[in-house]
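The residues making up each chain are set out below.
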Amino acid sequence: MRRLTHSFVIATSILVTSFAAAQTVTISNPWVRATVQGQKATGAFMTVTAKDNAKLVAASTPVAGITEIHEMKMDKDVIKMSALPNGLDLPAGKAVDLKPGGFHIMLMDLRMPLTKDIAVPLTLTFQDATGKKTQQVVQIPVSTQAPAGQAMGDHKH
Ligand SMILES: [Cu+2]
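In short, a report on the structure.

Rules used throughout
- Residues numbered from 1 in each chain as written.
- Predicted model: local features only at pLDDT ≥ 70, side-chain atom pairs only at ≥ 80, totals over all residues.
- Heavy atoms only, no water.
- Salt bridge = Lys/Arg side-chain N within 4 Å of Asp/Glu carboxyl O.
- Helix = DSSP H or I, 4+ residues; strand = E, 2+ residues; numbered from the N terminus.
- Buried < 20%, exposed > 50% of the residue type's maximum accessible area, 1.4 Å probe, protein only.
- Contact = heavy atoms within 4.5 Å.
- Core = buried A, V, L, I, M, F, W, Y, C linked by side-chain atoms within 4.5 Å.
- Phe/Tyr/Trp six-rings, centres within 6.5 Å; stacked < 30°, edge-to-face > 60°.
- Polar contact = N/O pair within 3.5 Å; in protein donor to acceptor, adjacent residues only side chain to side chain.
- Donors = N, O, S within 2.8 Å, 3.2 Å for Na, K, Ca; no water.
- Tetrahedral: all angles 85-135°; square planar, octahedral: opposite > 155°, others 65-115°.

With that settled, the discussion passes to the pattern of salt bridges. In a structure, side chains of opposite charge can pair up when their charged atoms sit close to one another. If you walk through the whole model with that rule in mind, you get 4 salt bridges. A salt bridge links Lys55 to Asp89, with the nearest nitrogen and oxygen atoms 3.5 Å apart. With Lys55 in strand β3 (residues 54-60) and Asp89 in strand β6 (residues 88-90), this residue pair connects regions lying 34 residues apart in the sequence. The class of Lys55 is partly exposed, set by a relative accessible area of 26%. The residue Lys80 makes a salt bridge to Asp75 at a minimum N-O spacing of 3.0 Å. The class of Asp75 is partly exposed, set by a relative accessible area of 32%.

With that out of the way, let us pick up the environment of Ile140. Here Ile140 is to be found in strand β10 (residues 133-143). The exposure class of Ile140 is buried, given its relative accessible area of 0%. Measuring from C-alpha to C-alpha, the distance between Ile140 and Leu122 comes to 6.9 Å, with 18 residues separating the pair along the chain. In this structure Ile140 touches Pro30, Trp31, Val32, Met46, Ile118, Ala119, Val120 and Leu122, once residues within four positions along its chain are discounted.

Met46, Leu56, Ile105, Leu114 and Leu124 are the most contacted members of the largest nonpolar core, which has 32 residues in total. Non-local contacts of Leu124, meaning those with residues more than four positions away in its chain, are made with Ile27, Met46, Leu56, Ala58, Ala59, Ile105, Thr134, Gln135, Gln136 and Val138.

On to the packing of aromatic side chains. The final tally for this structure, using the stated rule, is 1 aromatic pair. Consider the rings of Trp31 and Phe45, whose centres lie 4.8 Å apart with planes at 35°: the pair is tilted. Of this pair, Trp31 sits in strand β1 (residues 25-33) while Phe45 sits in strand β2 (residues 42-50), and the two are 14 residues apart along the sequence. Taking the relative accessible area as the measure of exposure, Trp31 reaches 1% and is therefore buried. Taking relative accessible area as the criterion, Phe45 reaches 6% and is therefore assigned buried.

Below, the discussion takes up the side chain of His104. Looking at where His104 falls in the secondary structure, it is placed in strand β8 (residues 104-110). At a separation of 3.0 Å, a polar atom in the side chain of His104 contacts the main-chain carbonyl oxygen of Gly102.

Turning our attention to the coordination of the copper ion. Around the copper ion, the protein supplies His70 (ND1), Met81 (SD), His104 (NE2) and Met106 (SD) as donor atoms, at distances of 2.1 to 2.4 Å. In this structure, the copper ion is coordinated by 4 donor atoms arranged in tetrahedral fashion, with angles at the metal of 93 to 117°. Of note, the donors binding the copper ion are all from one chain and are spaced H-x10-M-x22-H-x1-M. You'll find His104 and Met106 in the same group, each marked buried.

A word on the side chain of Ser143. If you trace the backbone, Ser143 turns up in strand β10. For Ser143, the side chain forms a polar contact with the main-chain oxygen of Gln145, separated by 2.8 Å. If near-sequence neighbours (up to four positions away) are discounted, Ser143 is found in contact with Trp31, Val32, Arg33 and Ala34.

Time to look at the environment of Thr61. Residue position: Thr61 is located in the loop between β3 and β4 (64-75). Each C-alpha atom, one on Thr61 and one on Val138, is 9.9 Å from the other, the two residues being 77 residues apart in sequence. The residues contacting Thr61, other than those within four sequence positions of it, are Thr67, Leu107, Val120, Pro121 and Leu122.

Below, the structure is given as structure tokens:
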């Protein structure tokens, strides 16, 4: 299982390179929170900066049956998580943080355990101001904590 997973990830990363040339959205510090045995859902986090106004409208990964763009917020002392029906706004030039406690990409119905130090391919679909959609594939490392450089709670720009 582990061996199969690795070769799958490597094959995907070779395919991905061809997308990079046209990208107008920069992804930095991506990570997926590692899961424990039996866990069926987790979150993916990153900082996304679009050159021109855009939206993140969809995400998908072969390791999850369902992938949604979520928002987490406090509602009368209760933490609520919900899918963003119209996607996540990415104003031109602004670094938008997807981080624990805020926006995140929710991976549900996981098809395998996500163990520390593997990477999962995530396809992000962006829509520009004219409605044109582009996709970008990112290899996201699985980790138990945010990488250095992504602040947890007080990220300022
Ligand atoms: Cu969520």
